[in-house]
Amino acid sequence: AGGGPLLPDSVLYEIFLYLDHVDVLSVGLVCQQWHAVARDEFLWKELFYRYYRISREVPRHPAAVSWYDEFQRLYDTIPCVEVQALREHNDQVLHLSFSHSGCLFASCSKDCTVKIWSNELDISLQHSSNMRPYNWSYTQFSQFNSDDSLLLVSGVFVGPHNSSSGEIAVISMENFTLLSRVRNKPYDVFGCWLNETNLISGNLHRIGRITSCSVLWLNNAFQGIESENVNVVKRLFKIQNLNASTIRTVMVADCSRYDSPDLLLDYEEQLAASSTSTCPVFDLGSDSEEEEAKPKQTPEPAVQELPDDGGVTAEDGLQQFFDDIMEGRVRPAMTETELETKVAELFVRNRTKPPELNLLSTDSNSKTKYLIFTTGCLTYSPHQIGIKRILPHQMTTAGPVLGEERRSDEFFDSLDHVIDIHGHIIGMGLSPDHRYLYVNSRAWPRDCVISDPMQPPPIAEEIDLHVFDLKTMKEVKRALRAHRAYTPNEECFFIFLDVSRDFVASGAEDRHGYIWDRHYNICLAKLQHDNVVNSVAFSPVEQELLLTASDDTTIKVWRSPRAVRIQQARKPRPRKLLFSWLMNQKS
């Protein structure tokens, strides 16, 4: 309290009205002598729980010294004060990303440029690259590599006959030259860095009308170094897609950082205790604990399942299935899409490499990384999160272009873990320590049944923000809510979120960005724009600085009240006129 009050009397007056046993007169007296109040821990604890409407089962933040400090933190360190608006883009701004040092950030836009900005006291434009000469329609995503020497830029590429696909470009941060370009299909795979010099891209091969194969490739950022001993590309994984689904939105989590998390989210121990299932698929379709306790009713399958004949091969299974069709033993009658899916499932039954064992290994010295992506199994809208372990020997392009040797019957790779979201996934982000995965989704109706993969269920306007612990593969928080989206399934687009040490932020279609506290699960601020907010980004070295990007073509810069006060205190005050005149007379 020696540095003076940080909470104005007006704020104190408002929050003390939440205490039933304090009347208006008492509040007025307290506001005049609030330094004494700051030492009353019981009072600040009561005030904190009531003002923020937090359950008393939630303990104080583990790093907090006192309840007063916590109130001060949530009031004074949230980046909710707009300090600058950047208007150099002339179309919708789609994505923002900071360098790891926090000195630079990049922005992507429908104007088909990627812009590099210098993050100083007043942010300024440092460079702009126009991708239209390379037949791009727009830029949509960017990511700095681990030492900030390279920038990955993902965009939509216009190919022959106006067909659209994706492409990834690598730009040097030393002189902003374009080093390489890699095709990326579908374009919303986005791409990501695996390490300093290798990036992951995707490709899609159609097998049938609703069946396909996604191939994930490891690419060297320097495509000009190919020789007899060094490849510039190597296949990582080959995964079958059913019912019009595809792999999208890839990202990499570093498992070696799990044992030193910035913030543990384990105070709700009942959530961990209630989940004892060893099944690798989590269904988030229920909205309450009462529903989760009830036995789930499995809908009757539309196609009669084949009996498990033990050693029956896939070829024998296919032949038996076709014989059953010809002799009318399959009831009810199947549609064309159901037939294609069933044949694809039978074909892949004995042609898939088994998943990696011990995915939940706790070896802190492990160099293992997880490849995380959105996928699905019921419809084209992404409704599952797939996780595939990347082993150390797979993290280089050395070796055969088609990857490690595999048996002829291991045509596809299986997923090591799947999380079912029961809704349309529209955003994902990792915590800075890579321990927690945050997922934006729009829920499907309860107990919905998908009979046609090309007709997914309607999606909710309310966005749910789920939190998963990647060390235990369990959901550790109830979904955060506040933000909304309105576009239907076929027009739904990605809304990027970002996570700092203490906060998580997300865009929304309701013309606002949102900030939540990670520990208390409460919404702390709404950040106004004039149109859809597509992306948010915290500075990795200063979580009191946040950027938001919008369809209104602007990037807004937000700082905390504390940072604004410090910034204003550093600005030189104008000299008084008399003092300036005297100095001029002396000179």
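Residues numbered from 1 in each chain as written. Predicted model: local features only at pLDDT ≥ 70, side-chain atom pairs only at ≥ 80, totals over all residues. Heavy atoms only, no water.

> Would you explain the nonpolar core in this entry?
Core analysis: the largest hydrophobic core is formed by 18 residues, its most contacted members being Ile372, Ile385, Leu437 and Leu470. Elements with a minimum of two residues in this core: strand 14 (248–254), strand 17 (369–375), strand 18 (384–390), strand 21 (423–430) and strand 22 (436–443). It is strand 21 that contributes the most residues to this core, three residues altogether. Among all residues touching Ile372, those that are not within four sequence positions of it are Thr249, Val250, Met251, Ala253, Ile385, Gly386, Ile387, Met428, Leu430, Leu437 and Leu470. (Core = buried A, V, L, I, M, F, W, Y, C linked by side-chain atoms within 4.5 Å. Buried < 20%, exposed > 50% of the residue type's maximum accessible area, 1.4 Å probe, protein only. Helix = DSSP H or I, 4+ residues; strand = E, 2+ residues; numbered from the N terminus. Contact = heavy atoms within 4.5 Å.)

> How do you make sense of the packing of aromatic side chains when you look at a structure like this?
How two aromatic rings sit relative to each other is given by the distance of their centres and the angle of their planes. In this structure the tally under the stated criterion is 21 aromatic pairs. Seen from their ring centres, Tyr51 and Tyr52 are 5.1 Å apart, and the 80 degrees between their planes marks the pair as edge-to-face. Look at Tyr52 and you get buried, because its relative accessible area is 16%. One aromatic cluster is present, formed by Trp44, Phe48, Tyr49, Tyr51, Tyr52, Trp67, Tyr68, Phe71 and Tyr520 through successive ring pairs. Just above the ring of Tyr138 sits the side chain of Lys110; from NZ or CZ to the centre is 5.0 Å. (Phe/Tyr/Trp six-rings, centres within 6.5 Å; stacked < 30°, edge-to-face > 60°. Lys NZ or Arg CZ within 6 Å of the ring centre and 35° of its normal.)

> Just checking my understanding: could you explain helix 10 (residues 561–570) for this structure?
A turn of α-helix holds 3.6 residues, and therefore any two residues three or four places apart point the same way. Of all the positions in helix 10, only Pro561, Ala563, Val564 and Gln567 are classed as buried. Seen along its axis, helix 10 keeps its buried residues to an arc of 160 degrees; they face one direction. Along helix 10, exposed side chains directed more than 90 degrees from the buried face belong to Ala569 and Arg570. (Arc of directions from axis to C-beta.)

> Whenever I open this one, the pairing of strand 8 (residues 164–172) confuses me. Can you help?
Along any regular strand, the residues point their side chains to alternate faces of the sheet. Summarising burial for strand 8: eight of the nine residues are buried, a large majority. Alignment of strand 7 (residues 150–158) against strand 8, held across nine bridges, turns out to be antiparallel. Paired with Val158 across the bridge in strand 8 is Ser164. Both strand 8 and strand 9 (residues 178–184) contribute to a ladder of six bridges, which runs antiparallel. Paired with Val170 across the bridge in strand 9 is Ser180. In textbook terms, the turn of a hairpin is the stretch between consecutive antiparallel strands, and for strand 8 and strand 9 this stretch comprises five residues, one of which, Phe176, has a positive phi near 60 degrees. (Pairing = 2+ DSSP bridges.)

> Just to check I follow, could you spell out the UniProt feature "repeat: WD" (unreviewed entry) in the protein chain for this structure?
With numbering aligned to this structure, UniProt lists the feature "repeat: WD" (unreviewed entry) at residues 86–118 and 526–558. Each end of residues 86–118 is marked by a C-alpha atom, and these two atoms are 12 Å apart; helix forms 0% of the span and strand 58%. A helix fraction of 0% and a strand fraction of 70% characterise residues 526–558, whose end C-alpha atoms lie 11 Å from each other. (UniProt positions renumbered as here; feature names shortened; annotations may be inferred.)

> Could you clarify how one ought to interpret helix 4 (residues 41–52) in this entry?
The end-to-end C-alpha separation of helix 4 is 16 Å, in line with the 16 Å expected for 12 residues at 1.5 Å each. Residues Leu43, Trp44, Glu46, Leu47, Phe48, Tyr49 and Tyr52 constitute the buried set of helix 4. Once helix 4 ends, the next one or two residues include Arg53, with phi positive near 55 degrees. (Expected span 1.5 Å × (residues − 1).)

> Can you help me understand the pattern of salt bridges in this one?
Note that side chains of opposite charge can pair when their charged atoms are close. Counted by the stated rule, this structure contains 19 salt bridges. Between Lys556 and Glu82 there is a salt bridge, with the nearest N and O atoms lying 3.5 Å from each other. Separated by 474 residues along the polypeptide, Lys556 in strand 31 (residues 555–559) and Glu82 in strand 1 (residues 81–86) bring together distant segments of the chain. On the accessibility criterion, Lys556 (12% relative accessible area) is buried. The partly exposed category is assigned to Glu82, whose relative accessible area is 39%. Between Arg183 and Glu167 there is a salt bridge, with its nearest N and O atoms 3.0 Å apart. (Salt bridge = Lys/Arg side-chain N within 4 Å of Asp/Glu carboxyl O.)

> What should I look at first to understand the environment of Ala253 in this one?
With respect to the helices, strands and loops of the structure, Ala253 is situated in strand 14. Taking the C-alpha atoms as reference points, Ala253 and Ile372, 119 residues apart in sequence, are found 7.3 Å from one another. Excluding its chain neighbours within four sequence positions, the residues that come into contact with Ala253 are Tyr258, Lys369, Tyr370, Ile372, Leu430, His434 and Leu470.

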